[in-house]
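# Observations on the model geometry
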Amino acid sequence: KVGEDYSLSLSGDAAALLDHSGLTLRDATVGDIPTLRALHHSEPLHWKRDSDTWRRALECRQVMNRKSRFVVVEEYGAAAGYFIAQVVDDSETHLQVSEYAGDRARMLRAFAAHVADTGAPGIRWHVSGGDAFGLAAADAAGARQRESTTSGTYIVLDLADRKSVV
């Protein structure tokens, strides 16, 4: 459902109940760009982003004018997803994920691992209303949700009719 987003938050206590064994989190490097692009393009809705844009983002470590950590999620040594977490400043407590790609249940476990690694009291992220599995997995893990505004503009292309709707 385009434009119907939810802001989810998972407390540190709820995150601690999720098994994240077998997952490794590591900082992304420029060498990861092909993998990051493939994961990003596997998402039903994604930004158009070329290799140069990825390289610049990884070099400056900034997303939406905030210092960010680009994290590759590996499961048993193979890349399984990524997320971009904004660095928390002194006025915030929960970690904030600004973007992610990968299997939703696995990413939820990765968020829990990130909470455990950082000692943060919780983590927040957005889920599209059309992501039924993402919403269901988060709900099953005890995440709280509230409706949220869309953070960007989506253009839906109907290639069969050669028209677009904004």
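Residues numbered from 1 in each chain as written. Predicted model: local features only at pLDDT ≥ 70, side-chain atom pairs only at ≥ 80, totals over all residues. Heavy atoms only, no water.

### Concerning the environment of glutamate 147
- For glutamate 147, the location among the structural elements is in strand β8 (residues 144-148).
- For glutamate 147, a relative accessible area of 63% puts it in the exposed group.
- For the pair glutamate 147 and leucine 8, spaced 139 residues apart in sequence, the C-alpha separation works out to 8.8 Å.
- Residues within four places of glutamate 147 in sequence aside, it is in contact with Asp5 and Tyr6. (Helix = DSSP H or I, 4+ residues; strand = E, 2+ residues; numbered from the N terminus. Buried < 20%, exposed > 50% of the residue type's maximum accessible area, 1.4 Å probe, protein only. Contact = heavy atoms within 4.5 Å.)

### Points about the confidence of the model for the chain
- Mean pLDDT over the chain stands at 81; residues scoring 70 or higher make up 83%.
- Contacts for the low-pLDDT stretch residues 152-159, under 50 throughout, to residues beyond four places or in other chains number 16 contacts.
- This model gives residues 161-166 a pLDDT under 50, and the stretch forms eleven contacts once residues within four places in sequence are excluded. (pLDDT = per-residue confidence, 0-100.)

### Considering the nonpolar core
- Residues Leu10, Phe83, Tyr100, Phe111, Ile123 and Trp125 are the most contacted members of the largest nonpolar core, which totals 31 residues.
- Of the residues forming this core, the biggest block, seven residues, is contributed by helix α4 (residues 104-118). (Core = buried A, V, L, I, M, F, W, Y, C linked by side-chain atoms within 4.5 Å.)

### Notes on the environment of glycine 12
- Position of glycine 12 among the secondary structure elements: in helix α1 (residues 12-16).
- For glycine 12, a relative accessible area of 18% translates into the label buried.
- In this structure, the C-alpha to C-alpha distance between glycine 12 and proline 121, residues 109 residues apart in sequence, is 4.7 Å.
- Contact partners of glycine 12, with chain neighbours within four places excluded, come to Val115, Pro121 and Gly122.

### Considerations on empty space enclosed by the protein
- By the definition in use, this model includes one cavity of 30 Å³ or more.
- There is about 60 Å³ of room inside the largest cavity.
- Residue lining of the largest cavity: Tyr100, Arg104, Met107, Leu108, Phe111, Trp125, Val127, Gly134, Ala137 and Ala138, and that is the complete set.
- Breaking the lining of the largest cavity down by element, the ones donating at least two residues are α4, β7 (122-128) and α5 (132-140).
- The element that contributes the greatest number of residues to the lining of the largest cavity is α4, accounting for four residues.
- Per-class residue counts for the lining of the largest cavity are eight nonpolar, one polar and one charged. (1 Å grid on protein atoms, 1.4 Å probe; cavity = no way out; pocket = protein on both sides within 12 Å on 5 of 7 lines; lining within 4 Å. Points joined across faces, edges and corners; volume = space filled by probe spheres on them. Nonpolar A, V, L, I, M, F, W, Y, C, P; charged D, E, K, R; others polar.)

### Concerning the pairing of strand β4 (residues 66-75)
- With respect to burial, β4 is a largely interior element, seven of its ten residues being buried.
- Sheet topology places strand β2 (residues 23-27) next to β4; five bridges connect them, and they run antiparallel. Counted as the bridge partner of aspartate 27 is valine 71 from β4.
- Linkage of strand β3 (residues 62-63) to β4, two consecutive antiparallel strands, is achieved through a turn of two residues, within which methionine 64 is found at a positive phi near 50 degrees.
- Bridge count between β4 and strand β5 (residues 78-86): eight bridges; the pairing is antiparallel. Bridge assignment links valine 73 to a residue of β5, and that residue is glycine 81.
- The loop that links β4 with its antiparallel partner β5 comprises two residues; one of these, tyrosine 76, has a positive phi angle of about 50 degrees. (Pairing = 2+ DSSP bridges.)

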